[in-house]
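The lines below spell out each chain.
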Amino acid sequence: MKINAPVGIFDSGVGGLTVVKRVLEKLPNESALYLGDQIHVPYGERTADEIRAFALGITDFLIRGGAKMVIMACNMSSAVALETAVERFPRIPIIGVIEAGARAALHTAHGGTIGVLATTGTVNSGAYTNILTSLTPDVRVIQQACPRFVTIVESDMCDTAEADDAVREYVEPLLSAGCRTIVLGCTHYPFLMRAIRAAVGPDVTIIDPAEETAIEAANILFDAGMLNSPHAEPAHACFTTGSPSQFADLGGRLIGRPMGEVQKTTWGIELQEIAWQEKTAGQTTRFAL
Ligand code: DGL
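For every chain, the first residue of the written sequence is number 1, and numbering continues from 1 onward in sequence order. Whole-chain, interface and lining totals are the exception, using all residues; otherwise, since this is a predicted model, local features are given only for residues with pLDDT of at least 70 and side-chain atom pairs are given and counted only at 80 or more. Derived side-chain values reflect all non-hydrogen atoms in the structure, with water molecules and hydrogen atoms excluded from consideration.

Colleague: Looking at this model, I keep getting lost on the side chain of Glu 154. Mind explaining?
Modeller: Labels follow the DSSP assignment, with helices taken as runs of H or I lasting at least four residues and strands as runs of E lasting at least two, numbered in each case from the N terminus. Inspection of the secondary structure assignment puts Glu 154 in helix H7 (residues 149–154). By relative accessible area, Glu 154 is classed as buried at 2%. Side-chain atoms alone can form a polar contact between residues adjacent in sequence; in general such a contact is a pair of N or O atoms within 3.5 Å, and within protein one must be able to donate a hydrogen while the other accepts it. Among the polar contacts listed, one links the side chain of Glu 154 to the backbone nitrogen of Val 14, at a separation of 2.8 Å. At a separation of 2.9 Å, a polar atom in the side chain of Glu 154 contacts the side chain of Gln 38. Beyond its immediate chain neighbours, meaning those up to four positions away, Glu 154 contacts Gly 13, Val 14, Gly 15, Gln 38, Val 41, His 188, Gln 246 and Leu 250. Note on classification: 1.4 Å probe, protein chains only; a residue is buried when its accessible area is under 20% of the maximum for its type, exposed when over 50%, partly exposed between these limits. Two residues form a contact once any of their heavy atoms are found within 4.5 Å.

Colleague: In this structure, what is going on with the site of the ligand? I would like to understand it.
Modeller: Working definition: residue near molecule or strand if any one of its non-hydrogen atoms lies within 4 Å of it. Not every one of the 14 residues close to the ligand is listed here, only the nearest: Ser 12, Tyr 43, Gly 44, Asn 75 and His 188. Contact between the ligand and Asp 11: a nitrogen atom at 2.9 Å from a side-chain N or O atom of the residue. Here an oxygen atom of the ligand and a backbone polar atom of Asn 75 are 2.8 Å apart.

Colleague: When you look at helix H1 (residues 17–26) in this model, what are you seeing that I'm missing?
Modeller: Structural remark: α-helix, 3.6 residues per turn; residues separated by three or four positions point the same way. Every buried residue of H1 is listed here: Leu 17, Thr 18, Val 19, Val 20, Val 23 and Leu 24. The elements touched by buried residues of H1 are strand E1 (7–11), strand E2 (32–36), strand E3 (69–72), helix H10 (209–223) and helix H11 (244–255).

Colleague: Just checking my understanding: could you explain the packing of helix H4 (residues 98–109) against helix H6 (residues 127–135) for this structure?
Modeller: Packed helices, taken two at a time, are described by their axes: the angle between them and the distance between them. Structural elements are reduced to axes, namely lines fitted to C-alpha atoms, with helices fitted over the stretch in contact, and the angle between N-to-C directions of any two is expressed from 0 to 180 degrees. Interaxial distance between H4 and H6 falls to 9 Å at its minimum, and their mutual angle equals 55°. Between H4 and H6, the angle falls in the class oblique. Considering how the two elements wind past one another, H4 and H6 form a crossing that is right-handed. Contacts between H4 and H6 pair Ile 98, Glu 99, Ala 102, Arg 103 and Leu 106 from the former with Ala 127, Tyr 128, Ile 131, Leu 132 and Leu 135 from the latter. Residue polarity follows a fixed list, in which Ala, Val, Leu, Ile, Met, Phe, Trp, Tyr, Cys and Pro are nonpolar, Asp, Glu, Lys and Arg are charged, and the others, Gly among them, are polar. Residue composition of the contact of H4 with H6, by class: 8 nonpolar, no polar and 2 charged. By the definition adopted for this analysis, an angle is roughly parallel if under 35 degrees, roughly antiparallel if over 145, roughly perpendicular if from 65 to 115, and oblique otherwise. Crossing handedness: left-handed means the near helix sits turned counterclockwise from the far one by under a right angle, and right-handed means the same turn made clockwise.

Structure, rendered in structure tokens:
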């Protein structure tokens with residue numbers, strides 16, 4: 001494995017760009033190989049079996065694309081597929097975002113109740129509660145499913161009254177339960193930070209697991225002697241299973257700088273299946289083609 005190989009990162013859509021941003025802030029000489037599986041977004045409303053199959057297929061795609069490490073920048077994938085992926089692809093490090101988020105939350109909560117905003121699938125997996133209680137057995141965790149958030153972000157509606165309404169609805173139960181630490185348990189949610197901060201007020205600590213994930217990635221690459229040279233010019237590549245132009249426009253607006261070229265991929269699933277899913281996208285998913 002070459003040290004100038006890229007770090008593979010994936011998500012169901014643009015959400016994982018919040019992780020890419022943190023990773024490249026921490027490791028500016030690394031190259032990122034990103035895949036947003038927009039044909040299947042939202043992951044959080046699908047079954048665990050489906051997401052496991054997608055996450056393993058995409059991990060394989062990134063490794064075959066030369067990744068020296070894979071980051072599941074997706075809580076739903078981290079919840080249901082990380083263990084299997086680590087077993088199936090033992091030659092490179094593979095990490096998720098949940099353990100990092102849980103550690104960061106425990107660090108700031110000082111024994112207080114921890115709130116978790118996440119997709120329906122991540123909430124149902126119980127992954128945050130399991131990891132938090134395995135690290136600190138008496139911690140109190142309140143989870144809140146936020147089924148409207150991912151569609152709001154993927155539809156470029158973060159700065160709308162609809163986003164503000166959804167945020168107020170979902171944070172209210174956590175505030176009523178006394179949470180002063182709230183974890184953003186989906187990588188799309190940092191794009192709603194303005195609305196979330198307005199709704200929770202200044203006294204609540206909001207945890208974005210991406211920050212701790214970037215530190216973990218840096219430590220793993222450092223320990224393995226796999227950090228790219230400090231003189232290296234990074235070369236990023238970005239793929240979507242949806243529309244490259246839509247991904248580039250939306251992603252660029254969300255991260256505040258041009259995305260460069262985005263390419264289309266099927267990451268190995270059958271072309272006929274993609275064609276069928278594109279035709280039925282209106283009924284099965286919400287993304288703009
Ligand atoms: N951003 C992903 C996560 O962190 C997936 C969200 C979705 O597609 O529902 O779970």
